[in-house]
Amino acid sequence: TGYITLDTGYKNTGATKSAITFLDGEQGILRYRGYSIEQLAEKSTFMEVAFLLIYGELPTEKQIADFEHEISHHTLVHEDMKKFFDGFPSHSHPMGQLGSLVCSLSAFYPESLKNNQTEEEINLTIIKMLAKMSTIVSWIYKKSFGHPVIYPQNKYDYVSNFLHMTFGQRTEEVAVDPVLVDVMNKLLILHADHEQNCSTSTVRIVGSSDCNLYASISAGISALWGPLHGGANQAVIEMLEQIKNDGGDTQKWIAKAKDKNDSFRLMGFGHRVYKNFDPRAKIIKKACDDVLEKLGVNDPVLAIAKQLEEVALKDEYFVQRKLYPNVDFYSGIIYRALGFPTEMFTVLFALGRLPGWIAQWKEMKVNKEPIGRPRQVYTGSTFREYVEMKGR
Ligand code: CMC
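Residues numbered from 1 in each chain as written. Predicted model: local features only at pLDDT ≥ 70, side-chain atom pairs only at ≥ 80, totals over all residues.

Chemist: Looking at this structure, how should I read the domain arrangement of the chain?
Modeler: Interface extent is often summarised as the accessible area lost during association of the parts. Looking at the chain, the domain boundaries give domain 1 (16–227 + 347–366) and domain 2 (232–338). Listed by partner, the interface residues are 20 residues for domain 1 and 23 residues for domain 2. Here the element with the most residues in the side of domain 1 that touches domain 2 is helix H8 (residues 178–191); it accounts for seven residues. Here the side of domain 1 that touches domain 2 is built from residues that sort into 13 nonpolar, four polar and three charged. (Domains from an automatic or database assignment. Contact = placed C-beta atoms within 7 Å. Helix = DSSP H or I, 4+ residues; strand = E, 2+ residues; numbered from the N terminus. Nonpolar A, V, L, I, M, F, W, Y, C, P; charged D, E, K, R; others polar.)

So, in C-alpha cells, the structure goes:
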C-alpha cells in the first residue's frame, strides 16, 4: 500500500504465525505445544521437551531412546576446533567464545551449507547442533578454570553427560546425582522456548535468508548475550553482590532503580510480555529454595533477592508499571550453588534455549517464510546537492 506502520521494538507487531509456544502475558501462562510449563518442569526431561518443541509431540519410549542415542553419537566435536578454542584468552567472555564456536561448526560440518537440504539432512544437522552444543559449553566451563576438558560418554543421557563433562572430576556419581540431574533438567526446560523474543526473532530472521543452522543459532547467541535479554542472569548476581557489599540496603537500590536520572535498572525485573507474573520465575524461586537446602548451600544473596522482591512488589513504581521478577531473577543463585561461575550463566541459558531456536528455525523453513526485511520511516535529509571538498 505504500504505508508503513512504525512499531519500534515490535511491541505490537506479529512477525510470524507459530504453533510452538503459547504465551499469555496478562495471565502468566506459558505452554510449549499446548503443554503447561508447570507440568513440563515437574514431570518431563529436557530431552523430551526438546523433542516436543522440535517435532511437535511428546516422544514415545522408542522415539526418545532413538533421539538420545543419535545425539550421544554426535557429541564429539572435531579436534581441530580445539586449536582456535585454545587461542581464546583464558578470561574472554564465555558468550563470545560460544557464539564463535557455534558459527565455526559450519566450517567443520559443511554439509549444513548445502542448498535445499532434504528433511533427513536437516534433521542430522539439528542432531549435531544439539549434541555439540553441550560439549562446547562444557569446554568453555573447563577453560574458565584452566582445567582439561572431559570427553562425553555415550552411556549417559544428555543432561547427565553434560554434568559429567562439567563436574565429572568431582566424582563419577555427579552425572547421576538425582538433585543435580533434576535441577538441571528443570532449568533447561524453563528456558527452552519463549515465542518471538529477541534471540529467537534473530534466529528466524537470519535463517530467513536461507542461512545455515549453525550461523543462525550463533546470531541468536549474540542477541541473547545482552543484559536486557539473557545476559540479565549474570547482571542479577552482579547486582546482588554489589548490594550486599554496599551494606544490603535494598530500599536504597530500589530508589536508584526508580530514579529516571539514574541508568540503573533492577535486573531480573520486568518483561515485555508478562504483566502479572512470569510463571517461570515462580517455579525457579521454589527450585532455588529446594536446591540450596538439598545442597546445604547458604548464599547470602538469596536473602537480598527475596527482600528486593518484597520491597519492589509493594512499591507504587513497580506496581504501576507491572514489573515482576522474571526468569533471570533467581536462576543465577541456583547456577552458582551448582558451581558455575557467574560469566557462564548466559551460556547455560543458551544451552536451554537451543531446542526453541531450532524448532523456530525449522518452522520458519517448513512454512517457507519470506526473507525478513523490515521497513523504516525515513527521518534524514531529503535531497542535497553534492558539496565539493573545498566547499565543506
Ligand atoms: N527497573 C526499573 N524500571 C524498569 C525496569 C526495571 N527492571 N524494567 C522496566 N522499567 C520501567 C521503564 O523505565 C519504563 O518506565 P517509564 O514508563 O517510566 O519510562 C517502564 O518500566 C516500561 O519499561 P520498558 O523498558 O519500556 O519495557 P520493555 O518491554 O521495553 O522492556 C525489559 C522489558 C525486560 C527489557 C525491561 O523490563 C528491563 O530492562 N528489565 C531488566 C533486564 C532484565 O531483567 N531482562 C530479562 C528479561 S526476561 C528474560 C529474557 O528475555 O532473557
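Chemist: For this particular structure, what's the right way to read the UniProt feature "active site" (unreviewed entry) in the chain?
Modeler: When the UniProt feature table is mapped to this numbering, "active site" (unreviewed entry) covers His 271 and Asp 328. Spatial clustering of the annotated residues is evident: they stretch over 58 residues in sequence, but the largest pairwise C-alpha distance comes to 10.6 Å. Within the secondary structure layout, His 271 lies in the loop between helix H12 (250–258) and helix H13 (279–295). A tally of 21 C-beta atoms within 10 Å means that His 271 is categorised as buried. Along the chain, Asp 328 falls in helix H16 (residues 328–338). Discounting residues that sit within four places of it in the chain, Asp 328 has contacts with Ala 232, Asn 233, Val 236 and Gly 268. (UniProt positions renumbered as here; feature names shortened; annotations may be inferred. Buried ≥ 20, exposed ≤ 12 C-beta atoms within 10 Å, placed from the backbone.)

Chemist: For this particular structure, what's the right way to read the sheet that holds strand S3 (residues 35–36)?
Modeler: Strand pairing in a sheet relies on backbone hydrogen bonds. The paired strands run either parallel or antiparallel. If you trace the three strands from one edge of the open sheet to the other, you get S1-S2-S3, paired in antiparallel fashion. Among the strands making up the open sheet, the edge pair consists of strand S1 (21–24) and S3. With four bridges joining them, S1 and strand S2 (residues 29–32) adopt antiparallel strand pairing. Along S2, the bridge assignment pairs Leu 23 with Leu 30. (Pairing = 2+ DSSP bridges.)

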